[in-house]
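Single-letter residue listing:
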Amino acid sequence: MRPVEALILDLDGLILDTESLCVEVAREIVARHGKQLTLEAQRVALGKRPHECWSDVAKVLGIEVSAEQLLAESEPLLAARWAHAPLLPGALRLVRHLAACRIPLAIATSTPRATFAAKMSLKDELRGLLVERPGAVVVCGDEVDRGKPHPDVFLEAARQLGVAPEGCLVLEDAPSGVEGATGAGMRVLVIPSLVGLSREYGTVDPSSCSGVVEILPSLLAFSPAAYGLPPFRDLLPSAAIDDSDQCQGGQEGQGGGQQHGGGVIPMDRVLRIRGKVVKGFGRGSKELGIPTANVDPAAVAGSLAEAVTGIYAGWARVGDKPEVHKTVLSIGWNPFFGNKEKTLEPWILHSFDEPFYGETLSLVICGYVRPEANFSSLEALVGQIHKDAEVSRAALDCAPLAGLHEDPFLREPSGPLKSA
Ligand code: ADP
Ligand code: RBF
Ligand code: MG
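So, here is what we can say about the structure in this document. If you're wondering where the values come from, they're calculated on a predicted model, not measured in any experiment.

Conventions we followed
- Residues numbered from 1 in each chain as written.
- Chains lettered and ligands numbered in written order.
- Predicted model: local features only at pLDDT ≥ 70, side-chain atom pairs only at ≥ 80, totals over all residues.
- Heavy atoms only, no water.
- Helix = DSSP H or I, 4+ residues; strand = E, 2+ residues; numbered from the N terminus.
- Buried < 20%, exposed > 50% of the residue type's maximum accessible area, 1.4 Å probe, protein only.
- Polar contact = N/O pair within 3.5 Å; in protein donor to acceptor, adjacent residues only side chain to side chain.
- Donors = N, O, S within 2.8 Å, 3.2 Å for Na, K, Ca; no water.
- Core = buried A, V, L, I, M, F, W, Y, C linked by side-chain atoms within 4.5 Å.
- Domains from an automatic or database assignment.
- Axes fitted to C-alpha atoms, helices over the stretch in contact; angles between N-to-C directions.
- Parallel < 35°, antiparallel > 145°, perpendicular 65-115°, else oblique.
- Left-handed = near helix turned anticlockwise from the far one by under 90°.
- Contact = heavy atoms within 4.5 Å.
- Nonpolar A, V, L, I, M, F, W, Y, C, P; charged D, E, K, R; others polar.
- 1 Å grid on protein atoms, 1.4 Å probe; cavity = no way out; pocket = protein on both sides within 12 Å on 5 of 7 lines; lining within 4 Å.
- Points joined across faces, edges and corners; volume = space filled by probe spheres on them.
- Arc of directions from axis to C-beta.
- Pairing = 2+ DSSP bridges.
- Near = heavy atom within 4 Å.
- Areas by Shrake-Rupley, 256 points an atom, 1.4 Å probe, with all protein chains shown as cover.
- Sits in = over half its atoms within 2 Å of the grid points.
- Right-handed = clockwise from strand over helix to strand, strands pointing away.

The topology assignment puts Asp 10 in the loop between strand S1 (6–9) and helix H1 (19–32). Classification of Asp 10 as buried rests on a relative accessible area of 4%. A distance of 2.9 Å separates the side chain of Asp 10 from the side chain of Lys 148, its partner in a polar contact.

Laid out in C-alpha cells, this is it:
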C-alpha cells in the first residue's frame, strides 16, 4: 500500500471539543420549537456545515422552521463561546509532533472561515502550527462547493498540499466526514466524538468499510509508527532517548504497540475531576483483588475529554485528608465484563484501613496508559492492571507528572457536590 505522505485533520470533535457546546445550544434551540434533541438528530448533523446541520436537525425532528431561521437563532449563542472550546486530549501533542517532523498537514473543516478564526483566536500555539506556519493548509466549509459528506473539502486540502488522495490519511470523528474522506479515495482513521456513537462504531469492522483503516477511542491511542510515520518519543518513564533522532522515520513499532509496550503519555490536557465514591458492581476487590473507588458518573457526564475511554495515571485525594496518592484508573465500559454503564474507577496505589464510600474523590488525571481492552481470561486482565499500576507508579515520579502532585485542584476544599 502507498505510504502515508500527509495527514488531513478534521477540527470540531477531533481537535476541539466544540461538540459539547453545539449540543447544548442545539438542545436550547429545538426546545424553543417544542422538540427534544435526539441522538439520531445529533448523528446526522455531526460534522456538516452549519446550514446543513440545521436543515438535517429540522427534518429529523419535524421542526417546521427554515434552516436559516434556526441558524440565526443559534449564532448569537455560539459566537461568544467558540474561542473557549477546549482542546481535546492528544490534539496539541499530535500537531506539535507532525510539525516538528515536517509531515505535510492540513485541516479540512466544515466550519466557515470566519468561525474558524474565532475558534483559533485564543489558541496561540495551535494557530501558529496550523495556520501561520509557512505552507500551512486550512480548507473551510465555505471555500468549497459542497460540504461533508461530499469529498470536496478533502480533495481541495490534498490539492493544496500537492499530495495525491491515496497518500493522505484523514483523522475524523463524524460519520459525514468519514463518508467524505472515503469518497475522496483517502484512508480514514476514526475517533468518534459523540458519546453513544462510539459504541455504534464499535460494532463496525474497519476492513468492511472502504477507507476506514482503524477506529480508536482517543487521539492519545494513535500510533504514527503504524502508518510508517515517525513515532512519538514522549513516553514515561523515558528510556534515555537521544532527542536528536526524534523524527528519524517510523520503523519502530506495530500499531498501538507503544502503549502496550508499557509507557505513559504525559497528557497535553490534564483532566481534573471531582466526584463522590459510589458503590460499583462489588467485584473489584472480590473477583480481581483490585479495589476500585467508582466515581459518581455525574462527575464525568460534562465534557467529551472526560468521556474518552482508556486507562490513565494520576493523583488522587480522598475527602479533605492531607495525603495525595498515586492512582491508576479506568474510564470506560470494561469490555471484559461487558458493562452497560460507563464507569470511572480509580485503583488508588495505597492501602486503606477502611472503605471510603460517600467520600469525595479529587482526581488529577495526567497520563494516558493505553486503550481499554478485552482479555482472554481474568488472570490476563488482572496481570495487565498490575502492569498498568507499575508503569504508572514510575511515570508519576517523572516530570511533568510528578509536579502535579502539588496541583491546586487537589488542595481545594472538596465542598458540596451534585449527585446523579
Ligand atoms: P465497588 O464495586 O463497590 O467499587 P470494590 O470491590 O471495587 O467495590 O471496592 C471499592 C471500594 O474499596 C472503594 O469504594 C473504597 O471505599 C475501598 N478501597 C479500599 N482500598 C482502596 C484502594 N486502594 N483504591 C480504591 N478503593 C479502595
Ligand atoms: N476492564 C476491562 O474490561 N478492560 C481493561 O482493559 C481494563 N483495564 C483496567 C485498568 C485499570 C488500571 C483498572 C483499575 C481497571 C481496569 N478494568 C478494565 C476494569 C476492571 O474490569 C474493573 O475495575 C472491575 O471490573 C471492577 O469493577
Ligand atoms: Mg470498584
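Turning our eyes to something else, we now look at the coordination of the magnesium ion (ligand 3). Here the magnesium ion (ligand 3) is held by Thr 292 (O), Thr 292 (OG1) and Asn 294 (OD1), and the distances to it run 2.2 to 2.3 Å. For Asn 294, a relative accessible area of 7% gives the class buried.

Here the focus is unusual backbone geometry. Put simply, Lys 148 and Pro 149 share a cis peptide bond, and its omega is 15°. Mapping Pro 149 onto the fold places it in the loop between strand S3 (137–139) and helix H8 (152–161). Each neighbour pair has its own omega, and for Ala 399 with Pro 400 the value is 0°, a cis peptide bond. Looking at where Pro 400 falls in the secondary structure, it is placed in the segment after helix H14 (378–395).

So, on to the nonpolar core. One finds Leu 7, Leu 9, Ile 15, Leu 171, Phe 222 and Ile 365 to be the most contacted residues of the largest nonpolar core, which totals 61 residues. Counting residues per element, this core draws most heavily on helix H5 (residues 91–100), at six residues. Looking at which domains feed residues into this core, each of domain 1 (6–15 + 85–245) and domain 3 (265–410) gives three or more. Within the second largest apolar cluster, 28 residues are counted, among which are Leu 236, Ile 311, Trp 347 and Ile 385.

Once that is clear, we can look at the packing of helix H3 (residues 50–61) against helix H4 (residues 67–79). Orientation of H3 relative to H4, taken along the N-to-C sense of each, is 115°, at an axis distance of 8 Å. Accordingly, the angle class assigned to the pair H3 and H4 is roughly perpendicular. Judged by the sense of rotation from one axis to the other, the crossing of H3 with H4 is right-handed. In this structure, H3 contributes Pro 50, His 51, Trp 54, Ser 55 and Ala 58 to the contact, and H4 contributes Ala 67, Glu 68, Leu 70, Leu 71 and Ser 74. Taken together, the residues of the contact of H3 with H4 break down into six nonpolar, three polar and one charged.

Attention now goes to empty space enclosed by the protein. The rolling of a water-molecule-sized probe over the atoms marks out the regions of remaining empty space. All told, the structure shown has one cavity of 30 Å³ or more when counted by the stated rule. In this structure, the largest cavity occupies an estimated 90 Å³ of space. Surrounding the largest cavity, 12 residues form its lining, Gly 13, Leu 88, Ile 191, Leu 219 and Val 308 being those nearest its centre. Partitioning the lining of the largest cavity into residue classes produces nine nonpolar, three polar and no charged.

With that out of the way, let us pick up helix H7 (residues 124–132). Every buried residue of H7 is listed here: Leu 126, Leu 129 and Leu 130. Angular distribution of buried residues about the axis of H7 spans 85°; they occupy a single face of the element.

It is worth spelling out the sheet that holds strand S11 (residues 360–370) at this point. Ordered in space as S7-S11-S8-S9-S10, the five strands form an open sheet in which the pairing is antiparallel. Sheet topology places strand S7 (265–276) and strand S10 (343–348) at the edges, where each strand pairs with a single neighbour. Neighbour-to-neighbour, the strand axes of this sheet turn through a mean angle of 30°, independent of strand direction. Bridge count for strand S9 (residues 325–332) against S10 is six bridges, and the pairing is antiparallel. When the bridges of S10 are listed, Leu 329 appears paired with Pro 346. Here H14 sits on the sheet in contact with strand S8 (310–318), S9, S10 and S11, set at roughly 95° to S11.

Further remarks concern the site of ligand 2. In the vicinity of ligand 2 lie 19 residues, with Arg 283, Phe 336, Glu 345, Arg 370 and Ala 373 positioned nearest. Within the side chain of Arg 283, a nitrogen or oxygen atom sits 2.8 Å from an oxygen atom of ligand 2. Between ligand 2 and Glu 345 there is a distance of 2.7 Å, counted from an oxygen atom to a side-chain nitrogen or oxygen. Coverage of ligand 2 by the protein amounts to 99% of the 540 Å² it exposes when considered alone. Mapping ligand 2 onto the cavity grids shows that it belongs to the largest pocket.

We now examine the pairing of strand S5 (residues 187–190). Regular strands have side chains that alternate between both faces of the sheet. Alternating residues of S5 divide into Arg 187 and Leu 189 and Val 188 and Val 190, and every residue in both groups is buried. Across four bridges, the pairing between strand S4 (residues 168–172) and S5 is parallel. Its bridge partner lying in S5, Val 170 is registered against Val 188. Viewed along the sheet, the connection from S4 through helix H9 (residues 175–183) into S5 turns out right-handed. Two strands pair when backbone bridges link them, and S5 and strand S6 (residues 212–215) are joined in this way by three bridges, in the parallel orientation. If you follow Val 188 over to S6, its bridge partner there is Val 212.

Looking now at the pairing of S4. Among the five residues of S4, five are classified as buried, and the element is accordingly described as predominantly covered. Burial along S4 is two-sided: Cys 168, Val 170 and Glu 172 facing one way and Leu 169 and Leu 171 facing the other are all buried. In the sheet, S1 pairs with S4 via four bridges, with the strands oriented parallel. For Ala 6, the partnering residue across the bridge sits in S4 and is Cys 168.

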